[in-house]
Protein chains: 2
Amino acid sequence: MSYYKHHVFFCLNQREPGQDCCANHGAQAAFDHCKQAVKAAGLAGPGGVRVNKAGCLDRCAGGPVAVVYPEAVWYTFVDSADIDEIVESHLKNGRPVERLQLPPTVGR
Amino acid sequence: MSYYKHHVFFCLNQREPGQDCCANHGAQAAFDHCKQAVKAAGLAGPGGVRVNKAGCLDRCAGGPVAVVYPEAVWYTFVDSADIDEIVESHLKNGRPVERLQLPPTVGR
């Protein structure tokens, strides 16, 4: 059994000025929003959900990106409403959000 | 199918001076060693292995720690020989290393 039921990793990588990266596309705000929403929903902790900072996940072409394990579901998102939907549907009710998933061909 | 066959996250969290953390116990050196060993073994990339930086994984009592997804296997390690064993046995040959696994009760 997985120590966390859902372990979410947000790319917060900040590249050199002039280079594009998730951090230039609201990744930190999305992470903060997700962390707060998971805590507010009472989902945080062992056996529940962990929202984690991560370095570059190397799927930059789809950025900003996050991945949920152990189910290996990858997301891209635009705003806090997207994050709310991921929290409510996937992290709370176990139904991954199809419309926000990263196509399998998206890489660096 | 998981975008990465094995996605490894190392806690590289650095706390304030005086507070213990994985970064004070060789986490960066272990990450660097793992990254290099995975690359040298030709395992890196989509469909293969990704070695990733992460923030605090909140299992500090067992630190330094790393987790491998999607199989959700958690490790604690002492030196580069431990990392070599994880790379060879688990990441290359699919056999998790029992002796280095974090007991399920270890938390923050």
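What counts, and where the lines are drawn
- Residues numbered from 1 in each chain as written.
- Chains lettered and ligands numbered in written order.
- Predicted model: local features only at pLDDT ≥ 70, side-chain atom pairs only at ≥ 80, totals over all residues.
- Heavy atoms only, no water.
- Helix = DSSP H or I, 4+ residues; strand = E, 2+ residues; numbered from the N terminus.
- Expected span 1.5 Å × (residues − 1).
- Buried < 20%, exposed > 50% of the residue type's maximum accessible area, 1.4 Å probe, protein only.
- Arc of directions from axis to C-beta.
- Contact = heavy atoms within 4.5 Å.
- Least-squares fit on C-alpha atoms with pLDDT ≥ 70 in both.
- Core = buried A, V, L, I, M, F, W, Y, C linked by side-chain atoms within 4.5 Å.
- Buried area = accessible area lost by both parts, 1.4 Å probe.
- Salt bridge = Lys/Arg side-chain N within 4 Å of Asp/Glu carboxyl O.
- Polar contact = N/O pair within 3.5 Å; in protein donor to acceptor, adjacent residues only side chain to side chain.
- Nonpolar A, V, L, I, M, F, W, Y, C, P; charged D, E, K, R; others polar.

Participant: An account of helix α1 (residues 27–40) of chain A is needed here, citing residue identities and associated values.
Facilitator: Residue and element names in this part refer to chain A. Compared with an ideal rise of 1.5 Å per residue, which puts 14 residues at 20 Å, α1 spans 20 Å between its outermost C-alpha atoms and is within 8% of the ideal. Every buried residue of α1 is accounted for by Ala27, Ala30, Phe31, Cys34, Ala37 and Val38. Viewed end-on, α1 has its buried residues packed into an arc of 135°, placing them on one side of the element. Opposite the packed face of α1, turned more than 90 degrees from it, sit the exposed residues Ala29, Lys39 and Ala40. Turning to α1, the residues buried within the fold contact β1 (6–11), β2 (49–54) and α2 (80–92).

Participant: Provide a residue-level description of the relation of the copies chain B and chain A, including the pertinent values.
Facilitator: When chain B is brought onto chain A, the operation consists of a screw motion whose angular component is 180° and whose axial shift is 0.0 Å, with 0.0 Å RMSD remaining. Accordingly, the operation relating the two chain copies is best matched by a two-fold axis. When the interface residues of chain B are mapped onto chain A, 100% of them again fall at the interface, so both copies present the same face.

Participant: Explain the nonpolar core to me, using residue names and the numbers behind them.
Facilitator: Counting 74 residues, the largest nonpolar core has Phe10 and Leu91 of chain A together with Phe10 and Leu91 of chain B as its most contacted members. Here Phe10 of chain A is in contact with Ala27, Ala30, Phe31, Cys34, Val51, Asn52, Lys53, Ala54, Val65, Ala66, Phe77 and Ile83 of chain A, once residues within four sequence places are set aside.

Participant: Give me the lowdown on the side chain of His90 of chain B, citing residues and values where you can.
Facilitator: Examined against the element boundaries, His90 of chain B turns out to sit in helix α2 (residues 80–92). When residues no more than four places from it in sequence are discounted, the contact partners of His90 of chain B are His6, Val68, Glu71, Val73, Tyr75, Glu85, Arg95 and Pro96 of chain B.

Participant: So what's going on with the interface of chain B and chain A? Which residues, and what values?
Facilitator: At the junction of the two partners, chain B supplies 21 residues and chain A supplies 21 residues. Summed over both partners, the interface of chain B with chain A comes to about 1700 Å²; 55% of that surface belongs to carbon and sulfur atoms. The three residues of chain B that bury the most area against chain A are Tyr3, Arg50 and Tyr69 of chain B, which together make up 31% of that side's buried surface. A salt bridge links Asp58 of chain A to Arg50 of chain B; its shortest N-O distance comes to 3.6 Å. Between the two partners, chain B and chain A, sit twelve residue pairs in polar contact (both at pLDDT 80 or more). Counting residues per element, the ones that place at least two in the side of chain B that touches chain A are β1 (6–11) and β2 (49–54) of chain B. Sorting elements by how many residues they give to the side of chain B that touches chain A places β2 of chain B first, with four residues. Split by residue class, the side of chain B that touches chain A holds twelve nonpolar, five polar and four charged.

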